[in-house]
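# Structural features, examined
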Amino acid sequence: MLKKYFSPFLFSFVAISGFVQAKEIPAPKQSNFVSSFNLPFIFSQLSEGKMNQSETGRQLYQALLPRDYNYDSDLDITKSGLDHTRNAWFHYVATDSVNYSLRLLPIGNMKDFAKVAQITDKTKKTAHSKGNFYQLFNNYTLFIDSTESYALLIEYTTNYNAFQDSARAARWGMPYYGDDYAVEVTEEAVPALEYPPVEATEVTESEWQSDAYRATDANEVAMVEDTDVAVEAWIDTGTNASEIDQEETGYTDDYSLEYALEQAKKDSIMTIWMYQFLDEVVTDNIGSEQLLRSLKDWEAPNKNAAVTTYMKSGFMDLFYLAKYFGLPKYAMFLNSEEHGMENWSKFDLVFDETTARIQFCTRMEDKLAATSKRIYKRKWNKRFNKYLNSDKNVAVFGLKMNTQNYLEESPNLMKKMGENIPKIDAEIALFADLFGIIVDEKAMGELISGDAVVAVTEIKEQSYESVKYNWNEETFESSEEKVMKTEMLPHILMMMTTKDEAAVDRLLQYGIKRGAYEQKEGIYYLKNKMSTYNPFQFCFTVYKGIIFVSTDNKLLSDVRLGKISGKMNKQHKKLVKKNVSMGWLKFDELAGVWDNNMNKDGQSSIRTIRINNTLKSLGTLYFNTSKIKGNKMYGAASLSLGQKKTNTMEYFFYLMDDLRQIND
Amino acid sequence: MRPLLVCFFLFLIVFSFSSCFDTVEELSLNKDGSGKMVLTFNASQSKAKVATLQKLGKVNGYIIPSNTAIKNELTETVKQLNTMPGISKAIYTTDFSNYIISLSFEFNNVGQLNAAVKKILQSYNIPANNVVQYNYNAAAKSFATKFQLEQATKSKYAGLKSEDKEMFQTAKYTSVYRFASVVNTMSHKDAKLSGSKKAVMHQVPFTYILEKNYSINNTINLQ
């Protein structure tokens, strides 16, 4: 039980006695996401005044602060009260009962900050040995330390199903409604109520007990474990079940009133947990950076990063994003001990001299790293370069995967994920085994090797028929007239390597036999059985070990005739050579396309002009994911803004402001 | 693969394609008040966009019906119309290579026509008050149309995003009323009288109706 509470977390940082940082703002011991807002860097690039003038900047900044949705006037950043010479932090802590969003805010001017937080003499205040708790508007709870150097702003969401754990329900004096409503208990709301595993901490049991004892001090927020004290604390927080009467709830029958009382009690218990959570944060007094350093092979934020985010469980943590958006069960896939401190990801939002970029680093534990290395062990097919053109191609996305290795590793990956879904783990394991037996990995690997590229080769004018009505002036009877209409449409080219052209050919011949395709001069066309207009008629061919799929039959014809000579510049060649996935998107090329289409139909508008200007300003977006080095994988999405009038961050904010105006 | 395709098609819709459609309402009225109605929706000028939207299935929260779904809806509408008293020969045609859909039916009197049009709108969840009301007085030889766009519909339109509103920018509404007798007078100054003087046509951009409170009401007196 104890192990369960402490082991699954990436950030299960332990309190190290005597290692208290005075400068850092206290942070939770375990978080699913941690974001650092590098305010010194941000305000070195963009003055407070300019940030104030930028709608994007102001809104992003405002996200750090308690938000009053009824507040009419905009926030004045120069009077926010925050200290812009220190970092602010965001921590997200998910448990099976309460999810906490905690903002760690450095205070520079308490008077201004109190005004922003709307703290008045009437604000409900609770004393704590380290400062004060304030109950703000919109259910925000705020802690301000006694030296007024920092604030902790907390929002939380609750899950009532947390009481469908019989032990917990009993402990807190709540009814238990049986296994049908049971939840998978993975983490307690207040895990610190349990003793930490001895091997994971330097804190002695007696020290721990003294901490717990300290928290139950009469003048502080109650830190309680047994039912009697829990109820007492619940009453102390100001919500008394006896105060909830028929008139207040509006319920007229006993059952509904009882239900309302029960919900109120749950709310109160969760409020207690929230206060306990905050109490632990401030009393343990461990800073975010100090905690993050416990990550294996930790990497510090980039010095030019405005925001840096750390997430648990590495690149597969998309599941955790899912949890953040309300899909808790699937988020538990990798919530195992093994995926603790060893698997993490870091994202930096960097602004340097010429680029704005998001760069990431994903650290994987040994097994996962070895698996990933196998999956991405593939060289770029150099023949692809022959058909790509650095100047003309508007967008390119390339991937180097090893299909055979991927299929061989898939059963193990499936089983691994299944281990964390107890209810269907056996089924998943069985399916994984069957998958391994049925699928011929080698044959599949030869059919589709795994390296592929998709490109928007060009955007050019294409014409199609449309129908307009002619009206007889004598009778107003209509007659249809077919008119040609032109539109700028993209051409797509997809290439995949195959080592088994014969098998691909057999598949295509089968398609012809079944009437799905027709073939002309080695190019296969999909038949349009529905007589429906399709602006993207895909055709395909196989030539010299590459499967080509395109919307441009002339291109495929030229491929077969050997008429195409690609033009990849050095930068792009390097990009495809060094990375497992990579690509680019030329926003500036799209500007003309947009302009052409809109003007032709007389639809040119302020919106069109704005979109055009923004596209022209954005330049080219490059993205890449590197090969695995050691246990890490690096990547970036980089926008080369390439202008010198102002720094990239300021320029980026202007662009974002323009984008916001597009739909006005 | 699907997310990639979705991104690709969204990219196309955002950065490419113009949008435009025509709605044509053709009413042929006999002296006794019976007649025929033909409603046509022509999106052939935006067919690249429509085809792409259909591939996505859902854009900006709006469900884009497939051709099969459109046909099913039309079949159901025609079935319902044919069971209505005084309505007959309801049929539909579709041309998905040009995205032209047409629905026609015959009616015994204008009251039944009003009921039928209301029914069509209801079956597509369009507020029934957003419908042209026809009035024919055989004795007075007078035909009138009355239409008032609901405030709720106006607000809904006003609340649309710019990119969603854009499809209405060049969209057109055309009404053609054909009579057995010669038209003596008509009240709407923008409506056109045919050379034979037996038909009245009124073409108006959709945005006039949606944004400018433009009235399409017309009273036509026949000889």
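Remember, predicted model here, so these are calculated numbers, not experimental data.

### Focus on the overall build of chain A
- On a plain count of helices and strands, chain A comes out with 23 helices and 20 strands.
- Per-residue burial over chain A gives 52% buried out of 664 residues.
- Intrachain contacts of chain A at a sequence separation of at least 6 include 70% that bridge at least 24 residues.
- Summing over all exposed atoms, chain A offers an accessible surface of approximately 32100 Å²; the carbon and sulfur share of this is 53%.

### Brief notes about the sheet that holds strand 5 (residues 87-95) of chain B
Residues and elements named next belong to chain B.
- Taken together, seven strands build an open sheet; the order of strands is 5-6-2-1-9-12-11 and the sheet is mixed. Of all the strands in the sheet, the pair left with one neighbour each is strand 5 and strand 11 (192-193).
- As defined by bridge partners, strand 11 adjoins strand 12 (residues 199-205) across two bridges and the pair is classed as antiparallel. Across the sheet, residue leucine 193 finds its bridge partner in strand 12, namely valine 200.
- Strands in contact with helix 3 (residues 67-83) are strand 5 and strand 6 (100-107); relative to strand 5, the strand with the most contacts, it is inclined by about 170°.
- Contacts from helix 4 (residues 110-123) reach strand 1 (22-29), strand 2 (35-42), strand 5 and strand 6, with the element oriented near 145° to strand 6.

### Comments concerning helix 3 of chain B
Residue and element names in this part refer to chain B.
- In a regular helix each residue adds 1.5 Å, so 17 residues correspond to 24 Å; helix 3 covers 25 Å between its end C-alpha atoms and thus fits that length.
- Considered for burial, the residues of helix 3 that qualify are Asn67, Ile70, Leu74, Thr77, Val78 and Leu81. Down the axis of helix 3, the sector holding all buried residues measures 100°, keeping them to one side. Turned more than 90 degrees away from the buried face of helix 3, the exposed residues are Lys79 and Thr83.

### Here we look at helix 15 (residues 403-418) of chain A
All names here are of chain A.
- Spanning 16 residues, helix 15 covers 22 Å between terminal C-alpha atoms, matching the ideal 22 Å at 1.5 Å per step.
- At serine 410, helix 15 shows its largest kink, close to 35°, and the proline proline 411 lies no more than four residues downstream.
- Those residues of helix 15 not exposed but buried are Thr403, Asn405, Leu407, Glu409, Ser410, Pro411, Met417 and Gly418.
- Its side-chain oxygen 3.2 Å from the backbone nitrogen of glutamine 404, asparagine 402 forms the N-cap of helix 15.

### Some words on the side chain of A:Ser80
- Relative to the elements of secondary structure, A:Ser80 occurs in the loop between helix 4 (55-62) and strand 2 (88-94).
- Of the polar contacts made by the side chain of A:Ser80, one reaches the side chain of A:Tyr61; its length is 2.6 Å.

### A look at the side chain of A:Asn402
All names here are of chain A.
- Along the polypeptide, asparagine 402 turns up in the loop between strand 11 (395-400) and helix 15.
- With a relative accessible area of 11%, asparagine 402 lands in the buried category.
- Looking at asparagine 402, its side chain comes within polar contact range of the main-chain nitrogen of glutamine 404, at 3.2 Å.

### A short note on the pattern of salt bridges
All names here are of chain A.
- For the structure on display, the rule yields 26 salt bridges over all chains.
- Across the pair glutamate 465 and lysine 482 runs a salt bridge whose closest N-O atoms are separated by 3.9 Å. Taken together, the positions of glutamate 465 in strand 12 (residues 451-471) and lysine 482 in strand 13 (residues 478-497) put the pair 17 residues apart, joining distant regions of the chain.
- What makes glutamate 465 partly exposed here is its relative accessible area of 36%.
- Where salt bridges share partners, they join Lys296, Asp297, Glu342 and Arg363 into one cluster.

### Some points on the packing of aromatic side chains
All names here are of chain A.
- One pass over the structure, following the stated rule, counts 29 aromatic pairs over all chains.
- A ring pair is formed by tyrosine 524 and phenylalanine 540, whose centres lie 6.3 Å apart and whose planes are at 10°; its orientation type is stacked. Residue tyrosine 524 is found in strand 15 (residues 523-526), and its partner phenylalanine 540 is found in strand 16 (residues 539-543); the two are separated by 16 residues along the sequence.
- Taking the relative accessible area as the measure of exposure, tyrosine 524 reaches 3% and is therefore buried.
- Looking at phenylalanine 540, the relative accessible area reads 14%, which means it is buried.
- An aromatic cluster is present here, built from Phe133, Phe143, Tyr150 and Tyr275 joined pairwise through their rings.
- One Lys or Arg, lysine 520, reaches over the ring of tyrosine 525 and ends 5.6 Å from the middle of that ring.

### Quick word on the packing of helix 3 of chain B against helix 4 of chain B
Residue and element names in this part refer to chain B.
- Where helix 3 contacts helix 4, the two axes come as close as 10 Å, and the packing angle between them is 150°. On the basis of the axis angle, helix 3 is roughly antiparallel to helix 4. In the packing of helix 3 onto helix 4, the handedness of the crossing is right-handed. For the pair helix 3 and helix 4, the contacting residues are Glu73, Thr77, Gln80 and Leu81 in the first and Ala116, Lys119, Ile120 and Ser123 in the second.

### Regarding the confidence of the model for chain A
All names here are of chain A.
- Here chain A averages 77 in pLDDT, and 75% of its residues register 70 or above.
- Counted against residues more than four places away or in other chains, residues 182-242, with its pLDDT under 50, gives 127 contacts.
- Confidence drops under pLDDT 50 across residues 314-338; counting only partners more than four residues distant or on other chains, this segment forms 58 contacts.

### Some details on the confidence of the model for chain B
- This prediction gives chain B a mean pLDDT of 83; 87% of its residues lie at or above 70.
- Model confidence for the complex: the whole-complex pTM is 0.72, and ipTM, which rates the interface, is 0.83.

### Regarding unusual backbone geometry
- One non-glycine residue, A:Glu148, adopts positive backbone phi at about 55°.
- Tracing the sequence through the fold places A:Glu148 in the loop between strand 6 (141-145) and strand 7 (150-158).
- Looking at A:Glu148, the relative accessible area reads 41%, which means it is partly exposed.
- Even without a glycine there, the phi angle at B:Tyr99 is positive, about 55°.
- Here B:Tyr99 is to be found in the loop between strand 5 and strand 6.

Cut-off values and rules
- Residues numbered from 1 in each chain as written.
- Chains lettered and ligands numbered in written order.
- Predicted model: local features only at pLDDT ≥ 70, side-chain atom pairs only at ≥ 80, totals over all residues.
- Heavy atoms only, no water.
- Helix = DSSP H or I, 4+ residues; strand = E, 2+ residues; numbered from the N terminus.
- Buried < 20%, exposed > 50% of the residue type's maximum accessible area, 1.4 Å probe, protein only.
- Contact = heavy atoms within 4.5 Å.
- Areas by Shrake-Rupley, 256 points an atom, 1.4 Å probe, with all protein chains shown as cover.
- Pairing = 2+ DSSP bridges.
- Axes fitted to C-alpha atoms, helices over the stretch in contact; angles between N-to-C directions.
- Expected span 1.5 Å × (residues − 1).
- Arc of directions from axis to C-beta.
- Bend = angle between axes of the 7 residues up to and from the residue.
- Polar contact = N/O pair within 3.5 Å; in protein donor to acceptor, adjacent residues only side chain to side chain.
- Salt bridge = Lys/Arg side-chain N within 4 Å of Asp/Glu carboxyl O.
- Phe/Tyr/Trp six-rings, centres within 6.5 Å; stacked < 30°, edge-to-face > 60°.
- Lys NZ or Arg CZ within 6 Å of the ring centre and 35° of its normal.
- Parallel < 35°, antiparallel > 145°, perpendicular 65-115°, else oblique.
- Left-handed = near helix turned anticlockwise from the far one by under 90°.
- pLDDT = per-residue confidence, 0-100.

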